[in-house]
Amino acid sequence: MQKKSIVLLVLLLLGAGYFLLFWQPNSTGAQDFNMTFIFEQDEPAQYPHVVRMLEPGKTLSQTIYRFFAYQHYYFGFPYYFYSALVLLPARLSAGWENVSLNMLLLRQFVNTLPMIAAILILVYLQTRFKSYLKSIALFLILLAVPGVVFNNMWIHPDSLVFLFIVLTFFFLDKDDLRFGKSFYLAALFCGLAVATKLIGLFFFLAIPYYIFLGWRQGRLDTRKALIVAASFVTIMFSVFVLANPFLYWASERAFALKTQTDLHESMQGGFIVAYRNSPLLWLQVIEKWYGLLIFVLLSAVALIVGALKGERKLLNQLIAFWAFPFMAYISVALVIRSKHFPLPILLPMFSALPAYFTFFAPERFTKPVGDYLRKNGLRLGLSFVGIAVVGAQVYYSLGRDISMVNENIHREETSPSVQFYSRVEQDYLSKIVLDRQLVIFRDVMMYVPNAPRYDDHFKWGVSNYDIALKNNPDVLILNKQHLYDYTQAGQVESASDPDFALTVQFYNDVLNGTVDGFTQLYQDDFGVVYLSTPLYDHFFSSP
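Residue indices follow the written sequence of each chain, beginning from 1 at its first position. pLDDT decides what is reported in this predicted model: residues at 70 or higher carry local features, side-chain atom pairs at 80 or more are listed and counted, and totals for whole chains, interfaces and linings draw on all residues regardless. To obtain the side-chain values, all non-hydrogen atoms of the structure were used and water was disregarded.

K.L.:
Any chance you could explain the overall build of the protein here in plain terms?
P.N.:
Across its full length, the protein carries 25 helices and five strands. As a reference, a globule follows 2.2 Å times the number of residues to the power 0.38, and the radius of gyration itself is taken over C-alpha atoms. By the compact-globule yardstick of 24 Å for 543 residues, the protein fits well, its C-alpha radius of gyration being 27 Å. Overall size of the protein, expressed as C-alpha extent along the three principal axes, is 95 × 60 × 50 Å. Looking at the protein as a whole, 51% of its 543 residues are labelled buried. Here, residues are in contact when the closest pair of their heavy atoms is within 4.5 Å. Residue pairs at least 24 apart in sequence account for 74% of intrachain contacts in the protein once pairs closer than 6 positions are excluded. Counting every atom, the protein has about 25000 Å² of accessible surface; 63% of that belongs to carbon and sulfur. Only four residue types enter the tally: Lys and Arg on the positive side, Asp and Glu on the negative side, with His and both chain ends excluded. All charge positions are set by atom: Lys at NZ, Arg at CZ, Asp at CG, Glu at CD. Within the protein, the 39 negative side-chain charges are centred at a point lying 18 Å from the centre of the 42 positive side-chain charges. By the criteria applied, helices consist of DSSP H or I runs no shorter than four residues and strands consist of E runs no shorter than two, each listed in order from the N terminus. Accessible area is worked out with a 1.4 Å probe on protein chains only. A residue is then buried under 20% of its type maximum, exposed over 50%, and partly exposed in between. Using a 1.4 Å probe, accessible areas were evaluated by the Shrake-Rupley method; residue-level cover was limited to the displayed protein chains.

In structure tokens, the structure reads:
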């Protein structure tokens, strides 16, 4: 076998082992649907829409509409289509009862698998599988990034859209300024990235730069450059439209536009209340989820070196034109600092590490030692620094990774929300015997199982008296930290929600034990429970 084939085989085996490694942690946290709310709230926000897509309507046209007009337009149809394909075999064989199995399949095949594929392609682009050490080391370093490990253990479109981004780089690299079929395949995958999560638009500098290079090197005249630019945009836009068939319905277009507009405003201003904006706060996110800042700096140096020197110069130039403006945008424009936002920026940058070690590699050792050191001392020193930084990063990553995986494996028994419910159920709720369902209003992060005896309701975001009492609840179960977060001084004045003053009033009453019509049943540092006063008097008042 050729070296490249052996390297590919080794990486595929490592990738398969890595995929299986997440099977156990991804099988937890979903004993029922309500349990998914207490760990990663994006999961229960998305999962019902995949279920809805696969549920038949009363007519064929209604079934088609339900499948394509999936209603959750924070993310594009390619993500939901792929998620539905993943769940289709389970839907046909087991139905929807086994939520744990469905979540496992989505986490493994929608997040973990595409991420492995994307990183494998990135490693190929940077090493061409010419070196065992560089290829295997880079593959493992990227897979071990804490943000990647976290992203493998929830349901979100980031792995899939990152794969589309990497495939865009792959086909641009393969085209190598020839502006042939591969260039237009890059446009296709860029369109899929835009169709899935809009971030494909951050190729807005890389693609013009690529076409400019072709023009400057004489591979395109001005007329042909304009034609290929227009063709790329046309293909990208066409793919965006074709890959989001809900756009054919005017009502869904309006709904999607409102969804994206509201999301954009929240990202720039904050959800419900104003958030502090400071680019430096992103350093905390990056250090916690992507690595030591010295490692990030080393990777940035490697990307710059790779963009100026070496065999992968064009590739690293494209990555730089992708990553730097994207990072500048999220640093300055966004006040919501989600841990997964830098993922498609930093992983391509990290992949440039081989350029650093290739450029600063010392010559083969020759005697005398003094002459060799005088000639290669700087290269040896910089190589040693690079190895030390990468070693520190690996140590840091493994510590975070092992902790995260272990926490996920044991999260059901260690969850404060599950423990809180168990105490309340054992000491109080089990003693309330009614000839109907017990109606509960809860904060999203407060666990109440999907049990026949409960009719539970919740509200995304914040609530107030009108919201909490809408369904005439018997029980209120609220989270203490959530109450504290939204009763801070000065929040009413900065809130984007015009009804936020009502929220503050309700939350202060909850904290002060003065909820109208309810009596406090139980509280601890995590949560507080109220029972309607008539039921409290009936079941818990002393005779």
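Let us keep going from here.
K.L.:
Explain the nonpolar core to me, please; I cannot follow it from the model alone.
P.N.:
A general tendency of soluble globular proteins is for nonpolar side chains to be buried together. Residues grouped as a nonpolar core are buried Ala, Val, Leu, Ile, Met, Phe, Trp, Tyr and Cys residues, joined through side-chain atoms within 4.5 Å. Counting 135 residues, the largest nonpolar core has Phe169, Leu347 and Phe350 as its most contacted members. Here this core takes 14 residues from helix 5 (residues 99-127), the largest share from any one element. Beyond its immediate chain neighbours, meaning those up to four positions away, Phe169 contacts Leu125, Phe203, Leu315, Leu318, Ile319 and Trp322. Membership of the second largest hydrophobic core comes to 21 residues, among which are Tyr447, Val448, Tyr454 and Val529.

K.L.:
I'm lost on the pattern of salt bridges in this one. Help?
P.N.:
We define a salt bridge as a contact between a side-chain nitrogen of Lys or Arg and a carboxyl oxygen of Asp or Glu at a distance within 4 Å. According to the stated counting rule, one finds 12 salt bridges in the structure shown. Arg312 is the partner of Glu311 in a salt bridge, and the nearest nitrogen-oxygen pair spans 3.7 Å. Taking relative accessible area as the criterion, Glu311 reaches 62% and is therefore assigned exposed. Salt bridges sharing common partners tie together Lys130, Glu311 and Arg312.

K.L.:
Before we go on, may I ask you to explain the sheet that holds strand 5 (residues 527-532) in this structure?
P.N.:
Neighbouring strands of a sheet are bound in pairs by backbone hydrogen bonds; such pairs are parallel or else antiparallel. Read across the sheet, five strands follow the order 2-1-3-5-4 without closing on themselves; strand pairing throughout is mixed. Pairing within the sheet leaves two strands with one partner each, and these edge strands are strand 2 (454-458) and strand 4 (518-523). This sheet shows a mean twist of 25 degrees between the axes of neighbouring strands, independent of strand direction. When DSSP finds two or more bridges between a pair of strands, those strands are recorded as paired. Sheet topology note: the strand 3 (residues 475-479)/strand 5 ladder contains five bridges and is antiparallel. Of the residues in strand 5, the one forming a bridge with Leu478 is Val528. Fitted lines through C-alpha atoms serve as axes, helices being fitted only where they are in contact, and the angles separating the N-to-C directions of these axes extend from 0 to 180 degrees.

K.L.:
Is there a simple way to think about the packing of helix 5 against helix 6 (residues 132-143) in this case?
P.N.:
Helix packing for two helices is described by the angle between their axes and how far apart those axes are. At a minimum axis separation of 10 Å, helix 5 and helix 6 run at an interaxial angle of 145 degrees. Classified by chirality, the crossing of helix 6 by helix 5 is right-handed. Here Ile116, Ile119, Leu120, Val123, Gln126 and Thr127 of helix 5 come into contact with helix 6, specifically with Lys134, Ser135, Leu138, Phe139, Leu142 and Leu143. In the scheme used here, Gly and all other residues not listed as nonpolar or charged are polar, with Ala, Val, Leu, Ile, Met, Phe, Trp, Tyr, Cys and Pro taken as nonpolar and Asp, Glu, Lys and Arg as charged. The residue makeup of the contact of helix 5 with helix 6, split by class, is eight nonpolar, three polar and one charged. Whether a crossing is left-handed or right-handed is set by the direction in which the near helix is turned from the far one by less than a right angle, anticlockwise for left-handed and clockwise for right-handed.

K.L.:
Where do I start with a nonpolar patch on the surface in this structure?
P.N.:
Each patch is assembled from residues with relative accessible area greater than 30% and no salt bridge, linking like charges that lie within 9 Å and nonpolar side chains (Val, Leu, Ile, Met, Phe, Trp, Tyr) that lie within 5 Å. Where nonpolar side chains cluster on the molecular surface, the patch consists of Phe81, Leu85, Leu88 and Leu92 and spans about 370 Å² of accessible area. One can find Leu92 in helix 4 (residues 77-94). For Leu92, a relative accessible area of 67% translates into the label exposed.

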